[in-house]
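The residues making up each chain are set out below.
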Amino acid sequence: MVPRSSQDLQPWTARDWVAFDSEAPPIQTALVSGRAEQDNADLLRRANAGDDQAWRSLVDSHAALVWSIIRTFAIGRDAHDDVFQAVWLRLAESMDGIRQPDRLASWLARVARNEAIGVYRSRQRVAPHEDVGQDLHVTTEPAAALMVSETQQVVRAALDRLGGRCQRLLTMLVASPPLTYEEVSELLDLPIGSIGPTRARCLEKLERTVEIRGLINDKDAR
Amino acid sequence: MNEEELMSLLADATNTPPPARLLDAAYASRSWAEIDAELAALVDDSADLAAAGVRSSDTKRRMVFESSIGVADVELDSDNRQLVVRVEPASRVTVDYVKGSTGARTVDEPVSTATFDDLASGPARLIIDSEFGQWRSGWFTL
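Computed from a predicted structure; not experimentally measured.

Asker: Tell me about empty space enclosed by the protein, and name the residues and values.
Answerer: In the structure shown here, the tally under the stated rule is 2 cavities of 30 Å³ or more. Reported here for the second largest cavity is a volume of approximately 50 Å³. For the second largest cavity, the full set of lining residues is S68(A), R71(A), T72(A), R156(A), L159(A), D160(A), Q167(A), T171(A) and T14(B). In terms of residue count, helix 7 (residues 150-162) of chain A provides more of the lining of the second largest cavity than any other element does, 3 residues in total. Taken together, the residues of the lining of the second largest cavity break down into 1 nonpolar, 5 polar and 3 charged.

Structure follows, in structure tokens:
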């Protein structure tokens with residue numbers, strides 16, 4: 001798959017997406033990528049040598065990303081837990097084989113996606129990719145257990161309502177650490193040139209959900 | 001609401017840590033990986049095809065793990081809680097099905113095929129011992 005431009009190979013943050021529309025170059029992304037490579041390489045090396053603090057740092061810096069990807073698959077709370085655990089077990093035994101430390105986020109996202117799809121296919125007795133996540137719009141944990149705000153819960157509910165590829169695309173586009181255009185393309189099997197237009201359509205759909213309309217009305221009323 | 005606000009809301013809503021019990025399990029998982037057996041590479045995974053949009057009515061997941069010692073063709077039927085392992089080159093094999101940190105179930109087979117039934121769900125891996133050596137699969141989720 002050929003990237004549309006060299007910018008597409010750089011990590012994009014939520015702020016970068018706004019810049020994208022005005023063709024402003026994401027100045028900081030190369031620095032972010034270089035730092036990530038150095039940090040991840042060092043942490044992987046130390047964790048592989050038995051440094052528990054380095055391992056915890058790797059988990060802490062990527063846990064939210066892995067969890068957000070897994071949550072986009074409607075496989076049930078227990079399966080979410082199993083997949084989350086499996087991702088870290090896989091990393092723990094693969095640390096010396098990670099050739100591109102700067103792409104660790106993408107590696108973890110891919111493992112999470114594959115495990116979730118594997119579980120979904122075998123537990124739900126259905127296979128279609130586009131249906132994954134569309135038949136069961138439930139959140140994984142009660143809000144109180146996750147310490148999330150009401151607004152966060154509302155936005156998650158809106159995302160759950162979108163389901164499928166839109167939910168996954170938007171989640172990946174705001175991931176932290178950020179995923180590159182190329183990585184998102186690979187993970188979703190979506191041409192790089194389609195990501196921008198698909199993102200725009202998904203945001204329109206998201207804004208039309210009852211949850212986001214409610215947020216907008218609340219904001220207007222204040 | 002403009003796109004910047006929407007994306008900011010999304011980032012805030014999705015980039016939250018998992019429950020503490022899962023973080024604790026992730027912290028602990030490094031020590032589970034410490035085992036002296038060659039790690040086989042996952043060279044084929046039917047979940048990859050599903051991710052690429054290939055539709056299939058087959059509910060089983062097929063994975064192929066390859067090491068310098070041998071190849072394990074794994075068929076995972078979560079619905080029936082069954083796992084079948086075929087090992088090449090053929091020899092008498094002992095296969096341990098290791099579930100998390102809770103120990104192993106072993107099948108000793110003379111024909112290079114091991115079948116496990118009534119398995120509990122969750123992360124697991126295989127440790128394969130044949131006359132050619134010992135090796136292990138990566139973790140997968142039943």
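Asker: So what about the nonpolar core? Which residues, and what values?
Answerer: In terms of nonpolar packing, the biggest core is built from 70 residues, with W55(A), F84(A), W88(A), L91(A), L206(A) and L10(B) touching the most fellow members. Setting aside its immediate chain neighbours within four residues, L10(B) contacts V155(A), L159(A), L170(A), V174(A), L203(A) and L206(A). The next biggest cluster of nonpolar side chains, apart from the first, holds 22 residues, and it includes A72(B), V85(B), L119(B) and L126(B).

Asker: Describe the interface of chain A and chain B, with residues and values.
Answerer: In this assembly, 67 residues from chain A lie in contact with 55 residues from chain B. Across the chain A/chain B interface, buried area totals approximately 5600 Å², and carbon plus sulfur atoms make up 59% of it. The interface formed by chain A and chain B holds 6 salt bridges in total. Between R30(B) and D52(A) there is a salt bridge whose closest N-O contact spans 3.7 Å. At the boundary of chain A with chain B, the tally comes to 17 residue pairs in polar contact (both at pLDDT 80 or more). Elements represented by at least two residues in the side of chain A that touches chain B include exactly helix 1 (14-21), helix 3 (52-71), helix 4 (77-94), helix 5 (104-124), helix 7, helix 8 (164-173), helix 10 (192-208) and helix 11 (210-221) of chain A. By residue number, the principal contributor to the side of chain A that touches chain B is helix 4 of chain A, which donates 12 residues. The residue inventory of the side of chain A that touches chain B, partitioned by class, reads 33 nonpolar, 12 polar and 22 charged.

Asker: An account of the state of the cysteines is requested, with residue identities and associated values reported.
Answerer: Residue and element names in this part refer to chain A. Taken as a whole, this structure holds 1 disulfide over all chains when the rule is applied. Two residues share a disulfide in this structure: C166 and C202, whose sulfurs sit 2.1 Å from each other. The chirality of the disulfide connecting C166 with C202 is left-handed, given an S-S dihedral of about -85 degrees. Linking C166 in helix 8 with C202 in helix 10, this pair joins segments that are 36 residues apart in sequence.

Asker: Account for helix 10 of chain A, naming residues and giving values.
Answerer: Counted at 1.5 Å a residue, the expected span for helix 10 of chain A with its 17 residues is 24 Å, and the 25 Å between its end C-alpha atoms agrees. Looking at helix 10 of chain A, one finds that the buried residues are I192(A), I195(A), G196(A), T198(A), R199(A), C202(A), L203(A) and L206(A).

Asker: So what's going on with unusual backbone geometry? Which residues, and what values?
Answerer: Residue S176(A) is joined to P177(A) through a cis peptide bond whose omega torsion reads 0 degrees. Following E88(B), the chain continues to P89(B) via a peptide bond in cis, the omega torsion being -5 degrees. Counting through the fold element by element, P89(B) comes out in the loop between strand 5 (82-88) and strand 6 (93-99). At D118(B), a residue that is not glycine, the phi angle is positive and equals roughly 55 degrees. Along the chain, D118(B) turns up in the loop between strand 8 (113-116) and strand 9 (123-130).

Asker: Help me get a handle on the pattern of salt bridges, residues and values and all.
Answerer: A side chain of one charge can pair with a side chain of the opposite charge if their charged atoms are brought near each other. Throughout the structure, instances matching the rule amount to 19 salt bridges over all chains. The residue R136(B) makes a salt bridge to E93(A) at a minimum N-O spacing of 3.5 Å. Of this pair, R136(B) sits in strand 10 (residues 133-136) while E93(A) sits in helix 4, on two different chains. Exposure class is identical for R136(B) and E93(A). Each is buried. Between K60(B) and E75(B) there is a salt bridge, and its shortest N-O distance comes to 3.7 Å. In this pair, K60(B) is assigned in the loop between helix 3 (46-51) and strand 3 (61-66) and E75(B) in strand 4 (residues 71-77), connecting sequence segments 15 residues apart. Under the relative-accessibility criterion, K60(B) is labelled partly exposed at 32%. Under the relative-accessibility criterion, E75(B) is labelled partly exposed at 26%. Counted as one network, the salt bridges with shared partners bring together R103(A), R110(A), E182(A), E183(A) and E186(A).

Asker: Explain the pairing of strand 3 of chain B to me, and be specific about the residues and the numbers.
Answerer: Residues and elements named next belong to chain B. Note that strand 2 (residues 41-45) and strand 3 share 4 bridges and pair antiparallel. Its bridge partner being in strand 3, D44 is matched across the sheet by V64. Where strand 3 and strand 4 come together, 6 bridges link them in antiparallel fashion. The residue bridging E66 from the neighbouring strand is V71, located in strand 4. The antiparallel pairing of strand 3 with strand 4 creates a hairpin that spans 4 residues between the two strands.

Asker: Before we move on, can you summarise the packing of aromatic side chains with the specific residues and values?
Answerer: Residues and elements named next belong to chain B. All chains considered together, the criterion is met by 5 aromatic pairs over all chains. Measuring from centroid to centroid gives 6.3 Å for F65 and F140, while their planes differ by 40 degrees, and the two rings are tilted. In this pair, F65 is assigned in strand 3 and F140 in strand 11 (residues 140-141), connecting sequence segments 75 residues apart. Summarising the burial analysis for this pair, F65 and F140 share the class buried. Where Y97 meets F116, the ring centres are 5.6 Å apart and the plane angle is 40 degrees; that geometry is what we call tilted. With a gap of 19 residues between them, Y97 in strand 6 and F116 in strand 8 connect regions that are remote in the sequence. For the pair Y97 and F116, one class covers both residues: buried.

Conventions and cut-offs
Residues numbered from 1 in each chain as written. Chains lettered and ligands numbered in written order. Predicted model: local features only at pLDDT ≥ 70, side-chain atom pairs only at ≥ 80, totals over all residues. Heavy atoms only, no water. 1 Å grid on protein atoms, 1.4 Å probe; cavity = no way out; pocket = protein on both sides within 12 Å on 5 of 7 lines; lining within 4 Å. Points joined across faces, edges and corners; volume = space filled by probe spheres on them. Helix = DSSP H or I, 4+ residues; strand = E, 2+ residues; numbered from the N terminus. Nonpolar A, V, L, I, M, F, W, Y, C, P; charged D, E, K, R; others polar. Core = buried A, V, L, I, M, F, W, Y, C linked by side-chain atoms within 4.5 Å. Buried < 20%, exposed > 50% of the residue type's maximum accessible area, 1.4 Å probe, protein only. Contact = heavy atoms within 4.5 Å. Buried area = accessible area lost by both parts, 1.4 Å probe. Salt bridge = Lys/Arg side-chain N within 4 Å of Asp/Glu carboxyl O. Polar contact = N/O pair within 3.5 Å; in protein donor to acceptor, adjacent residues only side chain to side chain. Disulfide = S-S within 2.5 Å. Expected span 1.5 Å × (residues − 1). Pairing = 2+ DSSP bridges. Phe/Tyr/Trp six-rings, centres within 6.5 Å; stacked < 30°, edge-to-face > 60°.

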